[in-house]
Structure formats: structure tokens, C-alpha cells
Amino acid sequence: MLAAQLAQLRAAAPAGMAEALDVITGVDDALVRGLARVGEADATALTALAGAVSGTPLAGRVAEAVGAATSGALTEDHLAALAGARSALLGAVHDALLDALDAALGRHRSPWTGPGAGAPEPAAAPAGARAWLHELALTGWRGVDHDLVSGSAAPVEAALAAPELRRLAVLLDGFAAELRACLPVATLPQVPARRWADFWARAVLLAGGAAAPVAAAEPVSGRLLPLGVDVHEHDTAVQVQLHALLEPAGGGTPRAVRVTVAAAKVATIVGPAVWRLLEAHPVLLKALAERRSVTVTDLPLHGGDLRWDDTRADLGEPADPFATARVLLAAAVAAATPPLDRHPAAIAEPVLVEGYATRDDGGDLVLDLDGHPVAVTTDRLPAAGPLTRELVAASTACLGLLRWDDGRWLLQPLAVRATVKRQAVEAHNGDWACGVTDAKVGKAEAKAGDAVAVLRERAGRLLRR
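Here is what the cut-offs are and how they apply
- Residues numbered from 1 in each chain as written.
- Predicted model: local features only at pLDDT ≥ 70, side-chain atom pairs only at ≥ 80, totals over all residues.
- Heavy atoms only, no water.
- Helix = DSSP H or I, 4+ residues; strand = E, 2+ residues; numbered from the N terminus.
- Rg over C-alpha atoms; globule rule 2.2 N^0.38 Å.
- Buried < 20%, exposed > 50% of the residue type's maximum accessible area, 1.4 Å probe, protein only.
- Contact = heavy atoms within 4.5 Å.
- Areas by Shrake-Rupley, 256 points an atom, 1.4 Å probe, with all protein chains shown as cover.
- Lys, Arg positive; Asp, Glu negative; His and termini not counted.
- Charge placed at Lys NZ, Arg CZ, Asp CG, Glu CD.
- 1 Å grid on protein atoms, 1.4 Å probe; cavity = no way out; pocket = protein on both sides within 12 Å on 5 of 7 lines; lining within 4 Å.
- Points joined across faces, edges and corners; volume = space filled by probe spheres on them.
- Nonpolar A, V, L, I, M, F, W, Y, C, P; charged D, E, K, R; others polar.
- Axes fitted to C-alpha atoms, helices over the stretch in contact; angles between N-to-C directions.
- Parallel < 35°, antiparallel > 145°, perpendicular 65-115°, else oblique.
- Left-handed = near helix turned anticlockwise from the far one by under 90°.
- Salt bridge = Lys/Arg side-chain N within 4 Å of Asp/Glu carboxyl O.
- Phe/Tyr/Trp six-rings, centres within 6.5 Å; stacked < 30°, edge-to-face > 60°.
- Lys NZ or Arg CZ within 6 Å of the ring centre and 35° of its normal.
- Polar contact = N/O pair within 3.5 Å; in protein donor to acceptor, adjacent residues only side chain to side chain.
- Expected span 1.5 Å × (residues − 1).
- Arc of directions from axis to C-beta.
- pLDDT = per-residue confidence, 0-100.

## Quick notes on the overall build of the chain
Looking only at helices and strands, the chain has 15 helices and 15 strands in total. Taken against the 2.2 N^0.38 rule, which gives 23 Å for 465 residues, the C-alpha radius of gyration of the chain at 23 Å falls within 12% of a compact globule. For the chain, the proportion of its 465 residues judged to be buried stands at 47%. Counted over contacts in the chain with a minimum sequence separation of 6, partners at least 24 positions apart contribute 69%. Surface summary for the chain: the accessible area is close to 21,800 Å², and the carbon and sulfur share equals 55%. For the chain, the distance from the average site of its 43 positive side-chain charges to the average site of its 53 negative ones is 6 Å.

## Digging into empty space enclosed by the protein
If you walk through the whole model with that rule in mind, you get 2 cavities of 30 Å³ or more. The computed volume of the largest cavity comes to approximately 90 Å³. Contributing to the lining of the largest cavity are 13 residues, with L227, G228, V229, L288 and H428 lying nearest its centre. Ranked by residues supplied to the lining of the largest cavity, first place goes to strand β2 (residues 218-234) with 4 residues. Residue composition of the lining of the largest cavity, grouped by class: 8 nonpolar, 4 polar and 1 charged.

## Let's talk about the packing of helix α8 (residues 153-160) against helix α9 (residues 166-181)
Across the interface, α8 lies against α9 with an axial gap of 8 Å and an inter-helix angle of 155°. By the angle class used here, α8 and α9 are roughly antiparallel. As for how α8 packs across α9, the hand of that crossing is left-handed. Seen from α8, the contacting residues are P155, V156, A159 and L160; seen from α9, they are R166, L168, A169, L172 and D173.

## Looking at the pattern of salt bridges
Inspection of the entire model under this criterion finds 27 salt bridges. One salt bridge connects R292 with E290, and the closest N-O pair in it is separated by 2.7 Å. A relative accessible area of 38% places E290 in the partly exposed class. D431 is paired through a salt bridge with R291; the nearest N and O atoms lie 2.9 Å apart. Here D431 is found in the loop between β15 (423-428) and α14 (439-448), whereas its partner R291 is found in the loop between α11 (282-290) and β5 (292-302), with 140 residues between them in sequence. By sharing partners, the salt bridges in this structure join R291, D320, R417, E426 and D431 into a single network.

## Points about the packing of aromatic side chains
Going through the model one piece at a time under the given rule, you end up with 4 aromatic pairs. Judged by centre distance (5.8 Å) and plane angle (75°), the rings of W141 and F175 are edge-to-face. Taken together, the residues W141 in the loop between α6 (127-139) and α7 (146-150) and F175 in helix α9 connect sequence positions 34 residues apart. With respect to burial, W141 and F175 carry one shared label: buried. Aromatic side chains W141 and W196 sit 6.0 Å apart centroid to centroid with 75° between the ring planes, which places their arrangement in the edge-to-face category. Taken together, the residues W141 in the loop between α6 and α7 and W196 in helix α10 (residues 193-210) connect sequence positions 55 residues apart. When sorted by exposure, W141 lands in the same class as W196, which is buried. Counting every residue linked through ring pairs, the aromatic cluster contains W132, W141, F175, W196 and F199. Stacked on the ring of W112, the Lys or Arg R342 has its end atom at 5.5 Å from the ring centre.

## Notes on the side chain of H94
Structurally, H94 can be placed in helix α5 (residues 76-105). Among the polar contacts listed, one links the side chain of H94 to the side chain of D95, at a separation of 3.0 Å.

## Quick word on the environment of L179
One can find L179 in helix α9. When the C-alpha atoms of L179 and V261 are compared, they prove to be 25 Å apart, with 82 residues separating the residues in sequence. Those residues in contact with L179 that lie beyond four places of it in its chain are W132, L136, V149, V185 and W196.

## Quick look at helix α3 (residues 40-52)
A rise of 1.5 Å per residue sets the reference length of α3, with its 13 residues, at 18 Å; its end C-alpha atoms lie 18 Å apart and thus fit the reference within 8%. Along α3, the positions that sit buried rather than exposed are D42, A43, A45, L46, L49 and A50. In an axial view of α3, the angular spread of the buried residues amounts to 160°, which keeps them on one side of the axis. Structural note: α3 exposes E40 and A41 on the side pointing more than 90 degrees away from its buried face. The elements touched by buried residues of α3 are α2 (17-33), α4 (59-71) and α5.

## A closer look at the confidence of the model for the chain
Taken residue by residue, the chain gives an average pLDDT of 89. The fraction at 70 or more is 90%. Predicted confidence for residues 116-122 stays below pLDDT 50, and this span has 9 contacts to residues more than four positions away or in other chains.

As C-alpha cells, this is what we get:
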């Protein structure tokens with residue numbers, strides 16, 4: 001059945017999607033060259049952006065911003081309007097793709113209800129962040145140099161000082177680190193225009209106060225059944241995102257939820273060592289490592305995101321993620337995506353794929369499901385877990401996330417069942433949350449030393465001086 005659903009999903013792209021993406025590509029190319037001097041091609045691209053949102057409440061502000069860009073009088077407010085229009089257009093693409101996915105898979109999703117009553121006002125973001133992002137846009141990626149990248153230090157420090165601006169701080173820090181690693185940008189054969197424009201636009205919106213909660217928290221209780229873990233790792237941060245189903249206390253329809261925990265890090269902390277940074281969440285880590293359910297009590301739920309608190313969680317019985325997906329996933333209700341998170345690259349819907357054969361297609365791994373090919377992305381497999389390309393290639397069952405990337409749907413594995421040397425093997429990204437279970441990897445980790453312990457000891461020395 002899933003084979004037919006995936007075939008339906010790939011059959012046709014949503015109407016207007018290609019045209020919308022062409023508009024965004026034009027804006028991204030303009031940011032590569034910079035908006036200080038807008039040429040004819042860039043003016044055409046910005047005008048197309050204004051036309052794309054002409055029937056929305058953004059129309060007047062974006063038209064004014066385009067006029068300011070062509071006359072060389074761009075202000076921070078004008079750039080915020082352009083970033084908002086670009087993000088809105090990508091949000092429309094996201095919604096069209098997600099609607100198509102829900103229709104193909106028969107998924108149920110709660111409607112968007114907007115901010116809850118009494119939602120707090122946006123925090124006042126540091127003016128330095130807005131000024132730095134303004135200078136970046138005027139200069140363009142090809143003009144970025146050491147002095148410009150160094151200008152991010154003060155805005156990052158100011159944002160880190162306010163807990164409500166932590167998302168902005170981490171984004172600015174990571175963005176600046178990536179720019180710094182690519183210097184001199186002018187000599188790069190190809191600039192990652194879409195990626196950097198995404199970072200820039202999101203940072204502009206966050207710096208304008210978009211980090212405020214968009215919906216009131218709903219306290220929820222029940223049994224949390226893990227499906228799989230997606231590990232996001234950067235030189236300066238690590239984030240673990242658990243996709244799970246919540247069975248409400250007292251009965252009711254299961255809900256698809258996410259649990260996200262994160263920590264700051266340095267580039268030398270990699271692989272299984274990143275789990276050591278999350279030791280403040282022992283219940284969650286043990287549930288991942290031992291594949292157990294968790295009973296949660298009055299945890300705040302924002303849309304589909306469950307704000308984790310170990311003190312309100314108790315370990316339950318073992319829960320097989322494959323069985324959970326097979327029995328409950330199809331009927332679970334997913335939450336609507338908040339406006340700021342509506343981006344095609346953010347689509348990550350859990351699916352269970354079984355009974356397939358694997359093959360190599362020009363270096364790409366493909367699952368052959370009843371004659372229907374499903375492309376697999378293995379470049380996101382984390383070094384913090386036991387899942388490898390070889391295991392995926394040997395698998396016959398896969399729990400993964402269905403993603404949209406570069407014009408096609410891809411499957412990102414979170415867990416697999418495979419046969420290796422006539423032995424049944426099961427591997428999940430979260431298996432090493434409480435320590436490495438693979439003897440060879442454990443020996444290599446021990447030989448390399450505990451980077452987290454060393455850095456903590458050195459930090460302790462500095463604080464004692």
C-alpha cells in the first residue's frame with residue numbers, strides 16, 4: 001500500500017510550485033551579489049517577489065522595499081519585508097507539498113489556530129543583530145570577508161544573554177562559523193545560495209521579534225512511544241529531535257509529537273561524545289537507549305513540539321518502535337506547522353517501510369518497493385549512533401523521515417532491521433544515548449579520550465582562578 005501512496009506523491013508537483021521556486025532562486029542570486037548595487041537581473045528578481053505576494057497583506061511593504069532596493073536606499077525594515085516575503089513564498093511551497101503528502105498517506109493534521117490568547121509580546125532583539133544582517137545583505141555573499149564575519153561576535157553575545165533569544169544566538173553563531181569556514185567566499189566555485197539565504201532570512205525574522213511563542217502551551221499527559229531520533233549536529237551546537245506518538249491519558253486519538261533537546265558544543269566534540277552534553281535529560285536518554293515508553297505528566301505541548309522536563313517523565317515498559325509505527329502511526333493526528341517553520345526543507349514525516357529490496361543506483365541507495373523506487377539519503381546518518389549505509393543497504397525494514405529535497409522526495413533512515421552474517425540486526429540512531437554498545441567503536445572512543453570530560457575539567461580550572 002505504501003508503494004502506491006509514494007507513487008501518487010511523486011506523480012505530480014503541486015501547481016505553481018516550480019514558478020514560486022524560480023522567484024526564490026532569483027532573490028537568492030541577488031543576495032549572492034549583494035543589494036548595495038542592484039543590477040537589472042536583480043531588480044527583475046525582486047520585482048517578481050513583489051508580484052508573488054501582491055495579493056497578500058505583505059504587498060505594500062514589499063513593493064516599497066523593492067523600490068528602495070532599486071534606488072539604493074534599503075533600510076533594515078525594508079530587508080525585513082523582503083525576508084518576510086521570501087519566507088512566505090517558501091511557506092506556501094511547504095504547505096502545498098505537505099497537503100500532497102497528507103493526501104497520499106491518508107494522514108490527519110490539526111488546523112492552524114493562530115496565537116493563543118495572552119501570547120507574550122516579541123522580545124526586543126539586539127540592534128546589533130539587525131545591523132549585522134543588514135550589512136551582510138548589502139555586501140552579498142561574494143563580498144564577505146574576515147572583518148564582516150567578525151562583526152557577528154557582539155550580536156551573538158548580546159543574544160546569548162537573553163534566554164528568549166537563544167534561537168537567534170545559535171543561528172547567528174552557526175551561520176557566522178559557516179561563513180568563516182568558507183573564506184575567502186569570493187574564490188568558492190559555487191556558493192550555497194539557497195542555504196545561506198535561508199539562514200539570513202530566518203535570522204532577520206528572529207531579530208525582528210518572530211521568536212515569540214505563536215500558540216499557548218497545552219499541558220498534556222499520557223504514554224510517549226518513541227519512533228526514532230534525528231540528530232542535528234553543527235560545530236557549535238547539537239540538537240536531538242525525537243519523533244514519537246503520544247497516547248493521551250484517559251484514551252483518545254494518538255498524537256504525533258516531537259521532543260527536542262539541544263546543547264552548545266565545540267568542534268572537537270563529535271560522534272558518540274555528543275550524548276554526554278545531554279546528560280541533564282537522563283530519563284529521555286535511557287528511553288532512547290533501551291527503547292522504552294515514557295509516562296509524561298502535564299508536559300507543555302506547543303503545536304507538535306513537546307517541551308521536555310525530565311522531572312515530569314517516568315520510564316515505562318519496553319516499546320518496539322516498529323510495532324508502534326505499524327499499529328498507531330497511520331491513525332495519529334499531526335499538528336499544523338507554525339508559520340516561521342514552514343519551509344520545504346523542514347518537512348520530516350515519519351513513515352515505516354517494509355518488505356523492500358535495496359540496490360545501488362549510480363552511487364545512490366534506492367529501496368525497491370513493489371517496483372516503485374524510493375531514494376534514500378544516507379548523508380544525514382549521525383556518527384553518534386550505530387546506523388550506517390551498509391546496514392541500511394542490508395535492511396528489509398526501515399523507520400525513517402520522508403523529506404523533500406532538491407525537487408524530490410527522499411527517505412532519511414532513523415532505524416532499520418537487517419540481516420548481517422545470517423544474524424538479525426536492529427539499529428536505531430538513539431542506541432548509544434547512554435553509551436556506545438559496539439565494542440570496536442567503544443575501543444576507539446576510549447583510545448581517543450573523553451573530550452567532554454577534558455573540556456569540563458579545563459573550564460573548571462579557569463573558573464577557579
